[in-house]
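Report on the structure
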Amino acid sequence: MLVAAAVCPCPPLLVPPVAAGAAPELDGARAACTDALGVLAAARPDRLVVVGPAEQSGRGPHPQGARGSFRGFGVEVDVSLGQGPAPQGPLPTSLAVAAWLLDRVGWSDAPIEGLGVGEPLEPERCTQTGREIAARAERVALLVMGDASACRTLKAPGYLDERAAPFDAEVARALGAADVAALKALDAELAYELQASGRACWQVLAGAAEGADLGGSLLYEDAPYGVGYVVATWS
């Protein structure tokens, strides 16, 4: 059963060496992520499952010990999803960011496994995946990585789209309120058009949380660089 969840954004810029001189701009987001991971630890889970968006090569399960790297962003920073033997295949970027966040707080509270989720995954498949995750242990915690729209400003990666701000506002409200029904109802096509990488992962969370009766708290919501970032906790 799901006992707690943390929702965090997954831009590589969360990792200070990647952001370089711009690192202070995301200090608030990093602090909120740290607080969110504290909620997961306080729930004393038997297992932590980290879910994040992934391209084709990074989809599927990633066992504890899986390695990731930010060398593709020009910095010699390597991470691993907890301690363990290094299996084949690198972590997708979203899970590498999660691994960095977990290492930053010294996570040792429960075994970890990762799951890379493809952005096109249908909502029904997402929620079913979440149900399966919640059934894996008596006390399951989720760390859900993903960004909201990338179309909030003229300089955003997806340029300005007037639908982006209302979409992000509803996402932040739903995540902050632990509104399972609202997350299930997110429009997958609109999310794709707005380049919201977190949609599928948030719907995995919705499936995992069915019947768990968790309450939500919104810790951070902003759109630096024109991309929506949300940090929330469910417990």
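Here the focus is the packing of aromatic side chains. Geometry of an aromatic ring pair is reported as the spacing of the ring centres plus the angle between the planes. One pass over the structure, following the stated rule, counts one aromatic pair. Ring geometry for Phe70 and Phe73: centres 6.3 Å apart, planes at 45°, overall tilted.

Packing of helix H2 (residues 27–42) against helix H3 (residues 93–104) leaves a shortest axis separation of 10 Å and a crossing angle of 70°. One element, H2, and the other, H3, form an angle in the roughly perpendicular class. Mapping the contact onto sequence places Arg30, Cys33, Thr34 and Leu37 in H2 and Trp100, Leu101, Leu102 and Arg104 in H3. Class assignment for the residues of the contact of H2 with H3 results in five nonpolar, one polar and two charged.

Moving on, we come to the sheet that holds strand E1 (residues 2–8). One open sheet accounts for seven strands, arranged E3-E6-E2-E7-E1-E9-E8; its pairing is mixed. Unpaired on one side and paired on the other, strand E3 (60–62) and strand E8 (216–222) mark the two borders of the sheet. Shown here is a sheet whose adjacent strand axes are inclined to one another by a mean of 20°, direction ignored. Looking at chain direction, E3 and strand E6 (residues 112–117) are connected through three bridges and run antiparallel. Across the sheet, residue His62 finds its bridge partner in E6, namely Gly114. Packed on one face of the sheet, H2 meets E1, strand E2 (47–53), strand E7 (140–145), E8 and strand E9 (229–234) and runs near 20° to E9. In this fold helix H5 (residues 164–177) packs onto E1, E8 and E9, with an angle of close to 150° to the strand it touches most, E8.

For the rest of this paragraph, the subject is the environment of Val171. With respect to the helices, strands and loops of the structure, Val171 is situated in helix H5. Along the chain, Val171 and Ser149 lie 22 residues apart, while their C-alpha atoms are 9.7 Å from each other. When near neighbours in sequence (up to four residues on either side) are disregarded, Val171 contacts Leu186 and Trp202.

So, about the layout of surface pockets. Volume-wise, the largest pocket comes out at about 560 Å³. If you go around the largest pocket, you meet 26 residues; those closest to its centre are Cys10, Pro53, Ala54, Glu55 and Ser197. Of all elements in the fold, only H3 and helix H7 (188–193) reach the threshold of two or more residues within the lining of the largest pocket. Looking at side-chain class alone, the lining of the largest pocket contains 16 nonpolar, six polar and four charged residues. Taken as a whole, the second largest pocket encloses approximately 220 Å³ of empty space. If you go around the second largest pocket, you meet 16 residues; those closest to its centre are Ser80, Gly82, Gln83, Asp103 and Trp107.

Rules behind the numbers
Residues numbered from 1 in each chain as written. Predicted model: local features only at pLDDT ≥ 70, side-chain atom pairs only at ≥ 80, totals over all residues. Heavy atoms only, no water. Phe/Tyr/Trp six-rings, centres within 6.5 Å; stacked < 30°, edge-to-face > 60°. Axes fitted to C-alpha atoms, helices over the stretch in contact; angles between N-to-C directions. Helix = DSSP H or I, 4+ residues; strand = E, 2+ residues; numbered from the N terminus. Parallel < 35°, antiparallel > 145°, perpendicular 65-115°, else oblique. Contact = heavy atoms within 4.5 Å. Nonpolar A, V, L, I, M, F, W, Y, C, P; charged D, E, K, R; others polar. Pairing = 2+ DSSP bridges. 1 Å grid on protein atoms, 1.4 Å probe; cavity = no way out; pocket = protein on both sides within 12 Å on 5 of 7 lines; lining within 4 Å. Points joined across faces, edges and corners; volume = space filled by probe spheres on them.

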